[in-house]
Amino acid sequence: MKILTHGIGLPKATIRRRLIFSTPTVRTLTFRIPMQHPSDLREHIAALEALGDLDRVDTEVDWNLEAAAHTRYSVERRLPAPLFEKVSGVEEGFRLIGSPAALSSAPDKPFARVALSIGLPPEATGRDVVERLVDTWSRPGIPPKSVSREEAEVKQNVLLGDDADLTRFPVPFVHHGDGNRYANTYGVIIAQTPDGSWTNWSIARIMMVDGKHMTGLVMHPQHIAQVWQQWVDLGKPMPYALVQGGDPAIPFIGGVPLPDNVNEADYIGALIDEPLKVVKAELSDLLVPASAEIVIEGHLSIERSGVEGPFGEYAGYIPTETSLQPVYSVEAITYRDDPIWPIVAEGTPVDECHTSQTIGMAVGSVAALRAAGLPVTTVWGSMYSAGHWYAVTVPSDWRDRLPGTTPEEFARQVGETLYSTKFGHCLPQVFLLDDDIDPADEHVLLWALATRVHPVDRKVYFEGGPILPLLACYTEEERHAAHATKVVHEALLPAPGERQVTSNFEHAYPAEVRSKVLARHQR
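Calculation notes
Residues numbered from 1 in each chain as written. Predicted model: local features only at pLDDT ≥ 70, side-chain atom pairs only at ≥ 80, totals over all residues. Heavy atoms only, no water. Core = buried A, V, L, I, M, F, W, Y, C linked by side-chain atoms within 4.5 Å. Buried < 20%, exposed > 50% of the residue type's maximum accessible area, 1.4 Å probe, protein only. Helix = DSSP H or I, 4+ residues; strand = E, 2+ residues; numbered from the N terminus. Contact = heavy atoms within 4.5 Å. Axes fitted to C-alpha atoms, helices over the stretch in contact; angles between N-to-C directions. Left-handed = near helix turned anticlockwise from the far one by under 90°. Nonpolar A, V, L, I, M, F, W, Y, C, P; charged D, E, K, R; others polar. Pairing = 2+ DSSP bridges. pLDDT = per-residue confidence, 0-100. Patch = residues over 30% accessible without salt bridge, like charges linked within 9 Å, V, L, I, M, F, W, Y side chains within 5 Å. Areas by Shrake-Rupley, 256 points an atom, 1.4 Å probe, with all protein chains shown as cover. Salt bridge = Lys/Arg side-chain N within 4 Å of Asp/Glu carboxyl O. Lys, Arg positive; Asp, Glu negative; His and termini not counted. Charge placed at Lys NZ, Arg CZ, Asp CG, Glu CD. Phe/Tyr/Trp six-rings, centres within 6.5 Å; stacked < 30°, edge-to-face > 60°. Lys NZ or Arg CZ within 6 Å of the ring centre and 35° of its normal.

1. Comments concerning the nonpolar core
Then step 1. Membership of the largest hydrophobic core comes to 86 residues, with the highest contact counts inside it found for Leu 133, Ile 359 and Val 392.
Then step 2. When residues of this core are assigned to their parent elements, the largest contribution, eight residues, is made by helix H8 (residues 352-371).
Then step 3. If near-sequence neighbours (up to four positions away) are discounted, Leu 133 is found in contact with Ile 118, Phe 252, Ile 253, Tyr 267, Leu 271, Ile 359 and Val 363.

If you want it as structure tokens, here you go:
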């Protein structure tokens, strides 16, 4: 498969900043960064097409529900990603791409879209993806590289003042029952603290109010809310840039819970092993991806005066509630010729909310647990549970590494570590399992949960902690209070030598018998 390359070399002298604490456990990755990586959404689309994982839709579709319905149908049936090349009601050439980072239609490469997004080969496994992101977590960041306007594709078209109007673009209406069209389902919001010390790139839903205004979720303790609060404290609206497209790693990393004061652009540079190209925004000193498809600029109000929602969320339900949120003014829009707007039709698993969010939470969990000195093989957020279940797998010699620790004490240490993090409110149920299983294989994970998790006992409860109000497993009262009980299920096997043998092909037959069977099937 041919993937187009960046064509940017590392500068001779690059200032590097350590992203986060070092991890005590060094693991060997199955894959390293390849020589080539899709540098923008268009190269990512070309890579999907080369893989047979792209569906060019050349008949006209409507941005009003129809494009999202096509996208949702493709996601639920694991079909190729739809590229809508003709969208009604907008300028010719304006396009939409559905599910660019959902599970792949390639049966033997389920994580291909995710892997390509972060610079891994399409055959990378779920654990490969997590390990690559964890490895990057502990490496020095590579700051982005500023380029001129002439070099920046996103500056090919510039709309200012009254001309900067969202109605010129195929902003999708995603679900029947949503509060309005949604301008952000798979883009990043760039915001900077007033003193310029921290630039955050994050992903959060944003609803279009009209052509000149948007509103979206700004919830504490998320980073967008932390940065916004500093502007509120000053009594000044916050400059922002909303980015659609660009390097496919950008929206994916926007969902990884990096620590406070770490710049996502630096992390992405370390991930792709070269500086990300950026260019100055039109209205502020913010730096935006030079290869982005569309960048919307303006200011975010200090008041919560916009009625946001409802919206069909990642838990798989369309709620009826709305909330008051800050309002984004639309003051400038820059875009590439024939721009492509990404769309995620959130709903039941598995779409980008499940691939990016669950993997992002898993990466943060692995980093936190290893930093605490706990022996961890991997962490996996079950995508088919809509990110409501997380499996922590540990090596069979964990008792030797934690002498004198009981399984219950181990489970408590895991919970205390995870629930003390900023993202711990997103992890309602954690399952502590042995690493004889691959938790990214959802069939194997389901078997392990059903046969190793006790119906009543071996649970460690963490009561009264903060929760994400979008978690559907809690009561309405708990979601409104944003506090409830979380749990770690201790489901560890007995020590090696005391366990039952697994009744499967690998363990229930002698090697010579297996060899005969394999020889027949490998002819």
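Still more to cover.
2. Thoughts on the packing of H8 against helix H10 (residues 407-418)
Then step 1. Close contact between H8 and H10 brings their axes to 9 Å; oriented N to C, the two are set at 120°. For the pair H8 and H10, the sense of crossing is right-handed. Between H8, through Ser 365, Ala 368 and Leu 369, and H10, the contact on the second element is made entirely by Val 414, Thr 417 and Leu 418.
Then step 2. A class-by-class count of the residues in the contact of H8 with H10 yields four nonpolar, two polar and no charged.

3. With respect to the sheet that holds strand S6 (residues 95-98)
Then step 1. With respect to topology, four strands assemble into an open sheet ordered S2-S4-S6-S21, the strand pairing being mixed. Of all the strands in the sheet, just strand S2 (54-57) and strand S21 (340-343) have a single pairing partner and so form its edges. The sheet shows a mean angle of 20° between the axes of neighbouring strands, taken without regard to direction.
Then step 2. As paired strands, S6 and S21 are joined by four bridges and run parallel to one another. Within the sheet, the bridge partner assigned to Ile 97 lies in S21 and is Pro 342.
Then step 3. Of the strands in this sheet, strand S4 (81-84), S6 and S21 touch helix H2 (residues 66-76), which is tilted by about 160° from S4.

4. Thoughts on unusual backbone geometry
Then step 1. Cis geometry is found at the peptide bond from His 220 to Pro 221, where omega equals 10°.
Then step 2. Positionally, Pro 221 belongs in the loop between strand S14 (213-216) and helix H5 (223-234).
Then step 3. Following Pro 349, the chain continues into Val 350 via a peptide bond in cis, with omega recorded as 10°.
Then step 4. If you trace the backbone, Val 350 turns up in the loop between S21 and H8.
Then step 5. Even without being a glycine, Asp 338 presents a positive backbone phi close to 50°.
Then step 6. Overall, the relative accessible area of 41% leaves Asp 338 in the partly exposed class.
Then step 7. In this structure, Ala 386 takes a positive phi of about 60° despite not being glycine.
Then step 8. As for its placement among the helices and strands, Ala 386 is situated in the loop between strand S22 (378-381) and strand S23 (389-394).

5. A few points about the confidence of the model for the protein
Then step 1. For the protein, mean pLDDT is 92; residues scoring 70 or higher make up 93% of the total.
Then step 2. Low pLDDT (under 50) marks residues 1-35, which in the prediction has 100 contacts with non-local residues, meaning those over four places away or in another chain.

6. Structural notes on the pairing of strand S13 (residues 206-210)
Then step 1. In this sheet, S13 lies alongside strand S10 (residues 182-184) in antiparallel orientation, the contact comprising two bridges. Paired with Tyr 182 across the bridge in S13 is Met 207.
Then step 2. Pairing analysis gives four bridges linking S13 to S14, with the strands arranged antiparallel. Looking at S14, one finds that Met 207 is bridged to Thr 215.
Then step 3. Counting the residues between successive antiparallel strands, the hairpin from S13 to S14 contains two residues.

7. Some thoughts on the side chain of Thr 358
Then step 1. Relative to the assigned elements, Thr 358 resides in helix H8.
Then step 2. Filtering out sequence-adjacent residues up to four positions away, Thr 358 remains in contact with Cys 353, Gly 381, Ser 382, Met 383, Gly 387 and Tyr 390.

8. Remarks on the sheet that holds strand S16 (residues 277-280)
Then step 1. Taken in spatial order, the three strands make up an open sheet running S8-S16-S17, and their pairing is mixed. Of all the strands in the sheet, the pair left with one neighbour each is strand S8 (145-146) and strand S17 (287-289).

9. Examining a nonpolar patch on the surface
Then step 1. Residues Phe 505, Tyr 509, Val 513, Val 517 and Leu 518 make up a contiguous nonpolar surface patch of roughly 410 Å² in combined accessible area.
Then step 2. Checked against the element boundaries, Phe 505 lands in the loop between strand S26 (483-490) and helix H13 (511-521).

10. Regarding a negative patch on the surface
Then step 1. A surface patch of negative charge is lined by Glu 91, Glu 92, Asp 337 and Asp 338.
Then step 2. By secondary structure assignment, the location of Asp 338 is in the loop between strand S20 (332-335) and S21.

11. Regarding the pattern of salt bridges
Then step 1. This structure, assessed with the given rule, holds 21 salt bridges.
Then step 2. For Glu 76, the salt bridge goes to Arg 77, with nearest N and O atoms at 3.7 Å.
Then step 3. The salt bridge involving Arg 458 is made with Glu 490; its shortest N-O contact spans 2.9 Å. Residue Arg 458 is found in the loop between helix H11 (442-452) and strand S25 (459-466), and its partner Glu 490 is found in strand S26; the two are separated by 32 residues along the sequence.
Then step 4. Classification of Glu 490 as buried rests on a relative accessible area of 9%.

12. Points about the packing of aromatic side chains
Then step 1. Across all of its chains, the model carries eleven aromatic pairs by this definition.
Then step 2. Their ring planes at 75° and their centres at 5.5 Å tell us that Phe 111 and Trp 380 sit as a pair that is edge-to-face. Here Phe 111 is found in the loop between S6 and helix H3 (112-117), whereas its partner Trp 380 is found in strand S22, with 269 residues between them in sequence.
Then step 3. Residue Phe 111 is classed as buried on the basis of its relative accessible area, which comes to 8%.
Then step 4. A ring pair is formed by Tyr 182 and Phe 311, whose centres lie 4.2 Å apart and whose planes are at 35°; its orientation type is tilted. Of the two residues, Tyr 182 is situated in strand S10 and Phe 311 in the loop between strand S18 (294-308) and strand S19 (323-329); the sequence distance between them amounts to 129 residues.
Then step 5. For Tyr 182, a relative accessible area of 0% translates into the label buried.
Then step 6. Of the residues examined, Phe 311 reaches a relative accessible area of 0% and is grouped as buried.
Then step 7. Aromatic rings pair up to connect Phe 94, Phe 169, Tyr 335 and Trp 341 into one cluster.
Then step 8. Sitting over the ring of Trp 63, Arg 181 keeps its end group 3.5 Å from the ring centre.
Then step 9. A cation sits over an aromatic face here: Lys 486 above Tyr 419, 5.1 Å from the ring centre.

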